Amino acid sequence: MSEDLSADFVVVGSGICGALTALVLAQRGASVIMLEAGPRVSRAQLLANFRNSPRRSDWMSPYPFSPWAPHPVYRPEDNEHLVQAGPYPYPAEYIRMVGGTTWHWAALAWRYVPSDLRMASLYGVGVDWPFGYDELDPYYQWAEELMGVAAAGEEHPESPRGKPYPLEPVAEPWAMRRIRERLTGTYAVANNPVARNSRSFDNRPACCGSNNCQPICPVDAQYHGGISVAAAEAAGVRLISSAVVYNLEHDEQDRIVAAHYYDPDKNSHRVTGKTFIVAANGIETPRLLLLSTSERFPNGIANSTDMVGRHLMDHPSTSLTFDADEELWLGRGPQSPSSISALRDGPFRAERSSYRLDFTNISRVDSATQRLLMEGVYGPEFERRLRYSAAHEMSVKTVLEVLPLPENRIALSDRKDALGLPRPQAHYAIDAYTRGGAQDAKQHFTRIAELMGGSNLRFTADDFFANNQHICGTVSMGEDPDISVCDGWGRTHDHENLFLVGTGVLPTAGTCNSTLTAVAVALRSVDAMLPDPVLARQPAAAADA
């Protein structure tokens, strides 16, 4: 007799958003099954993978993909899981594994600025969110308290808050202190808010400053999806790993009644439930919806208006690398500790993108070594130049806003993976709006170099944009089904018991890492799925939405 797989809530995806959603639902008394396509890998194994990797600068190297649930890998060669359809490459990185992609992240936990949620009304571009910043504030706070976000509130006035950050700032690295001191009077350099312990918190230690936050924190001071999963399982959530969901089944009333998944041997299993939640990131979520076709939904579940997969956004970066006139010795402390945030908003957004300027604190030894070897430098000259670069070299990058354009999208490829499922395909371009922000940033790059006594300035090429792996959009929230996939609570327009959580639901990208906002929005969605009987966070009207 086959096992009965059924629960009140079925969550697809065990990343930080899916796991925290499952955790809160279980805490409120619901039965929850969480399905994860990838395997369960211990933290000890991931640390060993990193320490033994011949490619330390390849932050995906500790996370090998499984044959049944591949994720994009680009080194030493492209596994072509994410098929590129142009016109601009979109080499997104994410992890299909228990705990998801936040095993490997910088832990930056910026809030949006209020204007990010009102782009159409204020600037005539993009879209407005179906709710405002003030409504999101308590959910931001809840997310920050769960994750242990560390920062000083007065450093970030552009993102108002009702309560203080739960933790004080992580210690400022020497290099960032010197940059802040030398730029004072021209630029305000602030400590980044981070989901990283500045003191013992949640039975985890404080940051030890080892400088390998990416690909993995060696002491577990940094919050990640593995912690979320452990908390969810402790609350009673049942996790099934290596479960590749390939179809969502609906009934005659368009309610989702089951999720079908393959195990690694391609045996099919069926999981039933009352409410279904897809939390499989901004690429794998639309992929699953597009795969789930039926006679009534020939173009995929939740896709009656052809919006699934559209409005793909990220945060492209341009950068300047140069040699400061004093020794900074980047590489002690967190990898991304400081930013200039004054350029995140303003009337200029009607014409070009906003951006944040982010200072990198990654040790220069590896990159300088590779560069010098490529130049054929050896012996005493190699040692001299390596020491100089390691001590003096620094860089600053843009984190550029991207508009939600329907032509930027995730679709299904004709190419198949090992289970015979179509691979995701990216259609992506960098438009004039984003390029305008990149051009504007050059004046600030140059001025920062001047203030640091910079020499040997190296700007990225005009048509080169690094990818930040902040996958947004593709299943956006909105009030109008013609331009969105789900409503303001994450409930799909086509299916009353199918919710979407994760960065894919964010209608606009702003200029900050997307994880904190996605978690806050997911927690808000939980109040529509199963209101807290004690706290009653949910407005009364939402229960009838």
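The shown structure was predicted, so the numbers you read here are calculated from the model rather than taken from an experiment.

Caption draft 1: Layout of the environment of Ser200. In this structure, Ser200 sits in the loop between strand 4 (190-191) and helix 6 (225-234). As for Ser200 and Leu167, which are separated by 33 residues in sequence, their C-alpha atoms are 9.8 Å apart. Beyond its immediate stretch of four places on either side in the chain, Ser200 contacts Pro205 and Ala206.

Caption draft 2: Seen up close, the sheet that holds strand 15 (residues 455-459). An order of 4-10-11-12-9-15 is seen for the six strands of this open sheet, with the pairing classed as antiparallel. Both edges of this open sheet fall to strand 4 and strand 15, since each of them pairs with a single strand only. Note: strand 10 (residues 338-340) against strand 11 (residues 355-359), three bridges, orientation antiparallel. Bridge assignment links Ser338 to a residue of strand 11, and that residue is Phe359.

Caption draft 3: The arrangement of the packing of helix 4 (residues 133-147) against helix 11 (residues 515-529) in detail. Running from amino to carboxyl end, helix 4 crosses helix 11 at an angle of 110 degrees, the nearest separation of the two axes being 8 Å. Taken together, the axes of helix 4 and helix 11 are roughly perpendicular relative to one another. Relative to helix 11, helix 4 is oriented so that their crossing is right-handed. Across from Glu135, Leu136, Tyr139, Tyr140, Trp142, Ala143, Glu144, Leu146 and Met147 in helix 4, the residues of helix 11 making contact are Leu516, Thr517, Val519, Ala520, Val521, Leu523, Arg524 and Asp527.

Caption draft 4: Inspection of the packing of helix 1 (residues 16-27) against helix 6 at higher detail. Close contact between helix 1 and helix 6 brings their axes to 8 Å; oriented N to C, the two are set at 20 degrees. When the axes of helix 1 and helix 6 are compared, the pair comes out roughly parallel. As helix 1 packs across helix 6, the resulting crossing turns out to be left-handed. Across the interface between the two elements, Ile16, Ala19, Leu20 and Leu23 from helix 1 touch Gly225, Ser228, Val229, Ala231 and Ala232 from helix 6. Considering only residue class, the contact of helix 1 with helix 6 consists of seven nonpolar, two polar and no charged.

Caption draft 5: Examining the nonpolar core more closely. Counting residues in hydrophobic clusters, the biggest one holds 138 residues, and the most contacted among them are Leu35, Leu183, Leu248 and Phe359. Broken down by element, this core gets its largest block of residues, ten residues, from helix 11. Non-local contacts of Leu248, meaning those with residues more than four positions away in its chain, are made with Ile256, Ala258, Ala259, Val278, Leu288, Leu289, Ser292, Ile301 and Leu498. Grouped together as the second largest cluster of nonpolar side chains are nine residues, Leu46, Tyr63, Trp103 and Ile216 included.

Caption draft 6: The arrangement of unusual backbone geometry in detail. Here the amide bond leading from Arg75 into Pro76 is cis, since omega sits at 0 degrees, within 30 degrees of zero. Relative to the helices and strands, Pro76 resides in the loop between helix 2 (43-51) and strand 3 (83-87). For the bond running from Gln214 to Pro215, omega is 15 degrees, close enough to zero to count as cis. The phi dihedral of Trp329 is positive, around 55 degrees, even though this residue is not glycine. Take Trp329: it is sitting in the loop between strand 9 (319-323) and strand 10. Non-glycine residue Asn456 carries a positive phi angle of around 55 degrees. In this structure, Asn456 sits in strand 15.

Scoring rules and cut-offs
- As a convention, each chain's residues are numbered from 1 in the sequence order in which they are written.
- Where totals are concerned, whole chains, interfaces and linings use all residues; where local detail is concerned, this predicted model gives features only for residues with pLDDT of at least 70, and gives and counts side-chain atom pairs only at 80 or more.
- Calculation of side-chain values draws on the structure's entire complement of heavy atoms; hydrogens and water are dropped beforehand.
- Secondary structure elements are defined from DSSP: runs of H or I of at least 4 residues count as helices, runs of E of at least 2 residues count as strands, and each element is numbered from the N terminus.
- In this description, contact between two residues means that some pair of their heavy atoms is separated by no more than 4.5 Å.
- Two strands are counted as paired when DSSP detects at least two bridges linking them.
- As a rule, the C-alpha atoms of each element are fitted with a line to give its axis, helices using only the stretch in contact, and angles between N-to-C directions run from 0 to 180 degrees.
- When an angle is under 35 degrees it counts as roughly parallel; over 145 it counts as roughly antiparallel; between 65 and 115 it counts as roughly perpendicular; any other value is oblique.
- In this scheme the handedness of a crossing depends on how the near helix is turned from the far one: anticlockwise by less than a right angle means left-handed, clockwise means right-handed.
- Note on residue classes: Ala, Val, Leu, Ile, Met, Phe, Trp, Tyr, Cys and Pro are nonpolar, Asp, Glu, Lys and Arg are charged, and everything else, Gly too, is polar.
- Residues belong to one nonpolar core when they are buried, are Ala, Val, Leu, Ile, Met, Phe, Trp, Tyr or Cys, and are joined through side-chain atoms within 4.5 Å.
- Accessible area is worked out with a 1.4 Å probe on protein chains only. A residue is then buried under 20% of its type maximum, exposed over 50%, and partly exposed in between.

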